[in-house]
Amino acid sequence: MDDIALPRYLEIRRDIQNRIASGELRPGDAIPSEHELKELYGCSRMTVSKALSALASEGLIQRRRRAGSQVAMPRTAQTVLKIHDLKAEIAASGRAYRCEILSRARRAPDAADLARLGEPVTEILALQLVHYADDLPYAVEHRLMNLAIVPDAASADFSETPPGTWLLNEVPWTDAEHIIRADIASPSLARRLAMPKGAACLVIDRRTWQGGVIVTAVTLHYPAARHQIVSHFSPGGGFGT
């Protein structure tokens, strides 16, 4: 994958992301202006803006009109290392599990997909599902799967075994990233989750890799009033959920 040229905005995004991860740019530091980045990378201002928007959507930078962009302060969050199997999680609670596939499409990724995946991918399987526990909506899932790594996903039947469970059983992963945040549900999402209009959601954004290549990116929306994350840990030990 390393010999595939990145789209320009993803190259800029990755470069700034690496500078933040290495500590070269620290929380509160100013990001070069759009004009400076345009000159540095030899591209249009629109391309620079697209890269900065992707970094802002990930919570890595803050953009302020007239004040420019700066590295965001880290959010207070606990690291969650375990990848949840929603089907097993619901079954373990004594409730009946089922899922409904709302949409399924095999296609080339668009710009928004590539921003979520974080690297060039030629073909994906895009899925939207609702997971139920005893017929009560438990979570809404939006998932992108890299068909170069998991080609069998294109023909897999996810009606009985949901994609998260299928991936855990079929595809070994080497790295994972979780981002946990809160958000207000859109009217359509609130209906899907049987929530009051304007209620809060717990959102988990997860990406997993195999040997440095992206396997899947998934966003899970949970009704905040009906869900919590519990972590158990000890000094010097690992985390569990």
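Predicted model, so just to flag it, every value in this text is computed and none were measured.

Colleague: Quick rundown of the packing of aromatic side chains? Include the residues and the values.
Modeller: Applying the stated rule across the entire model yields 2 aromatic pairs. Look at Tyr138 and Tyr222: their rings are 5.9 Å apart centre to centre, the planes differ by 80°, and that puts the pair in the edge-to-face class. Separated by 84 residues along the polypeptide, Tyr138 in strand 5 (residues 136-146) and Tyr222 in strand 8 (residues 213-223) bring together distant segments of the chain. Ring plane angle 85° and centroid distance 5.8 Å describe the contact between Phe158 and Trp166, whose orientation is recorded as edge-to-face. Residue Phe158 shares its accessibility class with Trp166, and that shared class is buried. We note Lys50 situated over the ring of Tyr9; from NZ or CZ to the ring centre the distance is 4.3 Å.

Colleague: Could you give me a rundown of the sheet that holds strand 5, with the residues and numbers involved?
Modeller: Read from one edge of the open sheet, 6 strands run 3-4-5-8-7-6, paired in antiparallel fashion. In this open sheet, the two edge strands, each paired with only one partner strand, are strand 3 (97-107) and strand 6 (175-184). The sheet shows a mean angle of 15° between the axes of neighbouring strands, direction not considered. Seen against the sheet, helix 6 (residues 163-170) touches strand 4 (124-133), strand 5 and strand 8 and runs at an angle of roughly 50° to strand 5.

Colleague: Describe the environment of His227, naming the residues involved and giving the relevant values.
Modeller: Within the secondary structure layout, His227 lies in the loop between strand 8 and strand 9 (232-233). Put simply, His227 and Leu202 are 25 residues apart on the chain and 7.6 Å apart in space, counted from C-alpha to C-alpha. Excluding anything up to four places from it in sequence, His227 contacts Glu89, Tyr138, Leu202 and Tyr222.

Colleague: Explain the pairing of strand 8 residue by residue, including any values.
Modeller: Across the 11 residues of strand 8, 11 count as buried, placing the element largely inside the fold. Here 6 bridges tie strand 5 to strand 8, and the two strands are oriented antiparallel to one another. Residue pairing across strands places Leu144 opposite Ala217, the latter belonging to strand 8. In terms of strand pairing, strand 7 (residues 200-210) meets strand 8 through 10 bridges, oriented antiparallel.

Colleague: So what's going on with the environment of Leu193? Residues and values would help.
Modeller: Take Leu193: it is sitting in the loop between helix 7 (187-192) and strand 7. Here Leu193 falls in the buried class, since its relative accessible area comes to 0%. Distance in space between the C-alpha atoms of Leu193 and His131 is 9.4 Å, their sequence separation being 62 residues. Not counting residues within four places of it along the chain, the set of residues in contact with Leu193 comprises Pro137, Tyr138, Ala139, Val140, Cys201, His221, Tyr222, Pro223 and Arg226.

Colleague: Account for the confidence of the model for the chain, with residues named and values stated.
Modeller: In this model, the chain carries a mean pLDDT of 85, and residues with pLDDT of at least 70 account for 88%. This stretch, residues 236-241, has a pLDDT under 50; its non-local contacts, to residues over four places away or in other chains, come to 15 contacts.

Colleague: Please set out the side chain of Glu34 residue by residue, giving values where relevant.
Modeller: Within the secondary structure, Glu34 sits in helix 2 (residues 34-41). A polar contact of 2.5 Å, which involves the side chain of Glu34, links it to the side chain of Arg63.

Colleague: Tell me about the nonpolar core, residues and numbers included.
Modeller: Ranked by internal contacts, the top residues of the largest apolar core, which has 25 residues, are Met145, Val150, Ala153, Phe158, Trp166 and Tyr222. For Tyr222, the residues in contact, after removing those within four places along its chain, are Leu86, Tyr138, Ala139, Leu193, Ala200, Cys201, Leu202, Ile204 and His227. Counting 17 residues, the second-largest nonpolar core is a separate cluster that includes Tyr9, Ile31, Val48 and Leu114.

Colleague: Explain helix 3 (residues 45-57) to me, and be specific about the residues and the numbers.
Modeller: Residues lying three or four places apart along an α-helix face the same way, a consequence of the helix completing one turn every 3.6 residues. Counted at 1.5 Å a residue, the expected span for helix 3 with its 13 residues is 18 Å, and the 18 Å between its end C-alpha atoms agrees. The set of residues buried in helix 3 consists of Val48, Ala51, Leu52, Ala54 and Leu55. End-on view of helix 3: buried residues confined to an arc of 155°, all on one side of the axis. Exposed and facing more than 90 degrees away from the buried side of helix 3 are Met46 and Ser57.

The rules behind each value
In every chain, residue numbers begin from 1 and rise along the written sequence. Only residues with pLDDT of at least 70 are given local features in this predicted model, and only at 80 or more are side-chain atom pairs given and counted; all residues enter the totals for whole chains, interfaces and linings. Only hydrogens and water are set aside; all other atoms, that is, all heavy atoms of the structure, feed into the side-chain values. Stacked, tilted and edge-to-face are the three classes assigned to paired rings of Phe, Tyr and Trp, where Trp is represented by its six-membered ring and a pair needs centres within 6.5 Å; plane angles under 30 degrees give stacked, over 60 edge-to-face, the rest tilted. For helices the rule is a DSSP run of H or I covering at least 4 residues; for strands it is a run of E covering at least 2, with both sets numbered from the N terminus onward. Note on classification: 1.4 Å probe, protein chains only; a residue is buried when its accessible area is under 20% of the maximum for its type, exposed when over 50%, partly exposed between these limits. Cation placement over rings: the criterion is NZ of Lys or CZ of Arg within 6 Å of the ring centroid and within 35° of the ring normal. In short, DSSP must find at least two bridges between two strands for them to pair. The angle between two axes is taken between their N-to-C directions and runs from 0 to 180 degrees, where each axis is a line fitted to C-alpha atoms and a helix contributes only its stretch in contact. Residue contacts follow a heavy-atom distance rule, with two residues in contact if any of their heavy atoms lie within 4.5 Å. Confidence of the predictor in every single residue is expressed as pLDDT, which spans 0 to 100. Polar contact is the term for a pair of N or O atoms within 3.5 Å; when the atoms are in protein, one must be able to donate a hydrogen and the other to accept it, and sequence-neighboring residues count only if both atoms are side-chain atoms. Residues belong to a common nonpolar core when they are buried Ala, Val, Leu, Ile, Met, Phe, Trp, Tyr or Cys residues joined through side-chain atoms within 4.5 Å. To estimate how far a helix should reach, multiply one less than its number of residues by 1.5 Å. As used here, the arc belongs to the directions running from the helix axis to the C-beta atoms.

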